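Analysis of the macromolecular model
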Amino acid sequence: MRYVLVCLLVALAGCREASPFGAPVAPATAEALLQVAPQGRLSGVAKPLAYRVDMDVDPRQPRFGGHVEIDVYTETSATGLWLHGDDLDMRSVSVTVGGETRLATWTEVLPSGVVWVGFPNRVKAGNLTLTFDYEGVFDVNLSGLFRVEEKGEAYALAKSESIQARRFLPGFDEPVFKAPFDIALTIPEGMEAISNAPEESREPARPGYETVRFLRTRPQSTYLLSVAVGPFDRVTRVAIAPNAVRSWPVPLTGYARKGKGPELDYILSITPALVAAYEEAFQQPYPYKKLDIVAAPQWPSGATELASAITYRESLILHSEQSGPGMTKALESIHAHELTHMWLGDLVTPPWWDDLWLKEAFATWGAVMALSAIDPDGGHDIEAVSDSVGAMALDSLASARVVAEPITLKSDIRNAYDAITYRKGMAIIRMVDTWFGPDVFRPALGDYVADYADGAADSADFFRSISAHTEDARVGEVFESFVTQSGVPLVEARLQCAAGGAKVALRQQRYAPTGSAIDRDRFWKIPVCLSWTEGALAGTSCALMKERSAVVVLDGAQCPDFYHPNADGAGYYRFTFTGPGWDKMQASIAHLPATEALSALDSAIAAFSAGSLDGRGLRGMLAGAAQHGDQSVTNLVLDTYESLLQRLDGDAAGGLIRDATAASRLLREQISSGQADQALEIRLDAFDALVLKEPAARQKLLEGMQAYLADPSVTTPISSDQYRAALSVYLDEGGLPAFERVVASFSEIDDSAYGLAVASALGSVADEAQSARVRDLIASAQLGPRETYALASGQMAAPETREETWAYLSANFPAFLRVIPTQWQRNTPRLASQFCDEAGLASLNGLFSEYGALAEGYERALAQTREAITLCMAQRQSTQESLEAAFATPKASR
């Protein structure tokens, strides 16, 4: 029937000699298209030049509608084009060439949303326009264009990243294809509409509706598209003033769900200073015509850098009197991260997802850079080292991915959003920025942004550009060395003292924990700096380690009393010592800068896992670090104590608890009244109450939660930072009645940070009856998609509930996948990451052998979880005796 229609159209138009259409084309079969459909990237033969988008979006309805026109340039003649669209109810498709329009066909060939638009005739190379009329169903699982209801109000929001724009818009859904958009949204009268450019006009449409038109955008990728409609509170602030870099004001507006507008005050208040910090560092102006901050009632990730309309999960950015210092710091960090993207990611875009680091690593580093500029005493550099340490844990696996790892399948795209891309990438950038100098690196980074503005740049482009603009080829070489190799460098240091002065001999290899299959024969170009002290003298000595071995001369030192092989913790590497280095580190770690204490403690924990530091040495390092007083150092100490406690019992567990109790009491003696100390006190309260089970700490949190539940509108003794721990104590003490009260409060209390804590606390319950109710909540998914996953994850983390939860998940896995966020399905193998035996490993393998096909992109998470379980078994076998012997002694030897 389709072919008959095509032939009829050709016959009607065939008498025009100047027709831009060639001979009729026989329709391709589905089987033939499947054989040639692009599994990864499109060929690039066809490129979008401009989009005109008209959408009908009413979040109160189940469906939306769209009319889209795309101007396209084709490099060759074509019988059709590959592009993207996923589960769209396509009503009509046409192609226009030279003013002549004909019907085309729409065939969705791959489940990833790869579509063939077939032409009735061969079209010559050059310009054409595709026109689409379609409808779609709002997603209810936080994917594509989804709708949510909060407090009786409906909202629609688009989650376009990474390849979800195709779920509501036909187009070229790859980051390399940047084009300007003209967007119009027909919405219910009185609702707000948000997109990527300022509103141009608002005029009546059909009864009860109006059409909002936006100005044309700069060229942008589809993954940066913003579409949001609902009864948002609109909060307008004074425009961000012009400065020496930017000559025009930037309108600044916040959007939150109805009634939540006042809670945007804090994030809006810090925005102008952050924008100015980026403009100063890069010497490049803010690139868009406005800046919107959107607090989404629900959002599958923490935030997304939709161009000029940054969208956040509201629990992360709404700020009230209950917001604690930890939440405030997290808000600042995520906001600064997303603002960095306006330059690095939005204005300059990686062409494909294997270069994701060029936006996500730089945004993670940029947050530290900008926050340090406006708040020099905020400890943001310490947080950066803590993030680096976190990345090394994943990077210590043989299955760890490369920062810029090739991605050939669309199902593997979301796997690039991990600690390797974000945190390792950030650590590499910080290392380069520190070693070569901010005055060298940051202006060159700004020049790179200017070079590729409104376009795309890959890793090779960046390496060339940064080397050229710094006028130092070594900069690009260091980046390339770390970005193209997986793994953590391990630098072994040996101090050598002689009459002519001191020096340190270095040797590098890849770090490998006990039981690992890692090939250690690998080396990097590492910028190394060592700090040292000798009596009243102190210094820092640096070298670029280009080979497996190097020698660093400690200028000014004869034979240092102490040295640290990673000054300021700025290098992305671990270290170990040949000689008495660890003994000296134990004695000194409490007095080091926090960045160096973090680096030293992580290296010691890694040395224990690799078998080069015994349990006694680890205990001594933990005891020394516990005296430090910085919260990030304390967090690592307490986290390590908690994880070790799961491995110990009897006298050894008693020794560990004594160490942890002594550490907590000593740290409390150091607390004064500053905000940083308040955050430390909150952390200690949670540790004492939940791990050490101290009655006083538990009573404090219990009373705070009781007061909060009695009247959430009144400022209570607990802040948002304490919700999770206080809820856990309340649940422990109150049994099933407390459980039901907490579940009811999830919908009754309109506090997004509290709602986030509820899911975490409910997931952590160990009581058998409460755990059974958690499984009921997982089955019903009544708390929401994100919360359902959090419940399962929490139950799998606890040894008391792991077996029953795994049995439930194994029996109901397809149903579980349907009620969690779509983009989280690939991570479900990680639910089994706390297994440490052959039975758990076999059960994991069996589950994904049967159901893996339902969790697209699961393969990497499965490989990493398998390896983690295998390493856990090997390390328990090799280190358990040493660990038990160390903690069974009366006290740590230092």
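Each remark here, short or long, concerns the structure printed above.
First, a word on what this report is: a plain description of the structure on this page.

Rules used in this analysis
Residues numbered from 1 in each chain as written. Predicted model: local features only at pLDDT ≥ 70, side-chain atom pairs only at ≥ 80, totals over all residues. Heavy atoms only, no water. Helix = DSSP H or I, 4+ residues; strand = E, 2+ residues; numbered from the N terminus. Contact = heavy atoms within 4.5 Å. Pairing = 2+ DSSP bridges. Axes fitted to C-alpha atoms, helices over the stretch in contact; angles between N-to-C directions. 1 Å grid on protein atoms, 1.4 Å probe; cavity = no way out; pocket = protein on both sides within 12 Å on 5 of 7 lines; lining within 4 Å. Points joined across faces, edges and corners; volume = space filled by probe spheres on them. Nonpolar A, V, L, I, M, F, W, Y, C, P; charged D, E, K, R; others polar. Expected span 1.5 Å × (residues − 1). Buried < 20%, exposed > 50% of the residue type's maximum accessible area, 1.4 Å probe, protein only. Arc of directions from axis to C-beta. Polar contact = N/O pair within 3.5 Å; in protein donor to acceptor, adjacent residues only side chain to side chain.

Inspection of the secondary structure assignment puts Asp173 in the loop between β11 (153-159) and β12 (181-188). Setting aside its immediate chain neighbours within four residues, Asp173 contacts His84, Ser162, Ile163, Gln164, Ala165, Arg166, Thr222 and Tyr223.

All right, on to the sheet that holds strand β20 (residues 303-304) then. An order of β17-β18-β19-β21-β20 is seen for the five strands of this open sheet, with the pairing classed as mixed. The sheet is open, and its two borders are formed by β17 (233-240) and β20, each paired with just one other strand. Sheet topology note: the β20/strand β21 (residues 309-313) ladder contains two bridges and is antiparallel. Paired with Ala303 across the strands is Tyr312, a residue of β21. Of the strands in this sheet, β17, β18 (250-256), β19 (291-296) and β21 are in contact with helix α3 (residues 265-282), which crosses β17 at around 25 degrees.

Let us look at the layout of surface pockets. By volume, the second largest pocket is sized at about 860 Å³. Along its surface, the second largest pocket is lined by 30 residues, and Pro111, Ser112, Ile163, Thr822 and Glu856 are the ones closest to its centre. Considering every element that reaches the lining of the second largest pocket, the biggest residue donor is helix α24 (residues 813-818), with three residues. The residue inventory of the lining of the second largest pocket, partitioned by class, reads 10 nonpolar, nine polar and 11 charged.

Among the structural elements, Val117 can be located in strand β8 (residues 114-123). Residues in contact with Val117, not counting those within four places in the same chain, are Gly80, Leu81, Leu83, Val93, Ala104, Thr105, Trp106, Leu130 and Phe132.

Another aspect to go through is the pairing of strand β14 (residues 199-204). Bridge analysis of β14 against strand β15 (residues 209-214) gives five bridges, and the strand direction is antiparallel. Within the sheet, the bridge partner assigned to Pro204 lies in β15 and is Glu210. Counting the residues in the hairpin turn of β14 and β15 gives four residues, including Gly208, whose phi is positive at 85 degrees.

On the basis of which strands lie adjacent, the open sheet formed by eight strands has the order β6-β5-β9-β3-β2-β12-β15-β14 and mixed pairing. With partners counted over all chains shown, the strands left at the sheet margins are β6 (100-103) and β14, one partner each. On average, each strand axis in the sheet is inclined to that of its neighbour by 20 degrees, with strand direction left out of account. Judged from the 10 bridges that link them, strand β2 (residues 46-56) and strand β3 (residues 63-74) form a sheet pairing that is antiparallel. Directly across from Lys47, in β3, lies its bridge partner Tyr73.

In this section: helix α21 (residues 768-780). Residues spaced three or four apart along an α-helix face the same direction, because each turn holds 3.6 residues. End to end, α21 covers 19 Å across 13 residues, agreeing with the expected 18 Å (1.5 Å per residue, within 8%). Residues of α21 that are buried: Gln770, Ser771, Val774, Arg775, Leu777 and Ile778. Here the buried residues of α21 occupy an arc of 155 degrees about the axis, which is enough to place them on one side. Buried residues belonging to α21 abut α19 (723-748), α20 (752-763), α22 (785-797), α23 (799-811) and α24. N-capping of α21 is provided by Asp767, with a side-chain oxygen placed 3.1 Å from the backbone N of Ala769. Where α21 terminates, the next one or two residues include Ala781, which has phi positive at roughly 55 degrees.

Let us now look at empty space enclosed by the protein. The final tally for this structure, using the stated rule, is three cavities of 30 Å³ or more. Around the largest cavity, the lining residues are Val385, Ser388, Val389, Met392, Asn566, Gly569, Gly571, Tyr573, Ser599, Asp602 and Ser603. Elements with a contribution of two residues or more to the lining of the largest cavity: α7 (380-395) and α13 (594-610). Among the elements that line the lining of the largest cavity, the one with the most residues is α7, at four residues. Taken together, the residues that form the lining of the largest cavity break down as four nonpolar, six polar and one charged.

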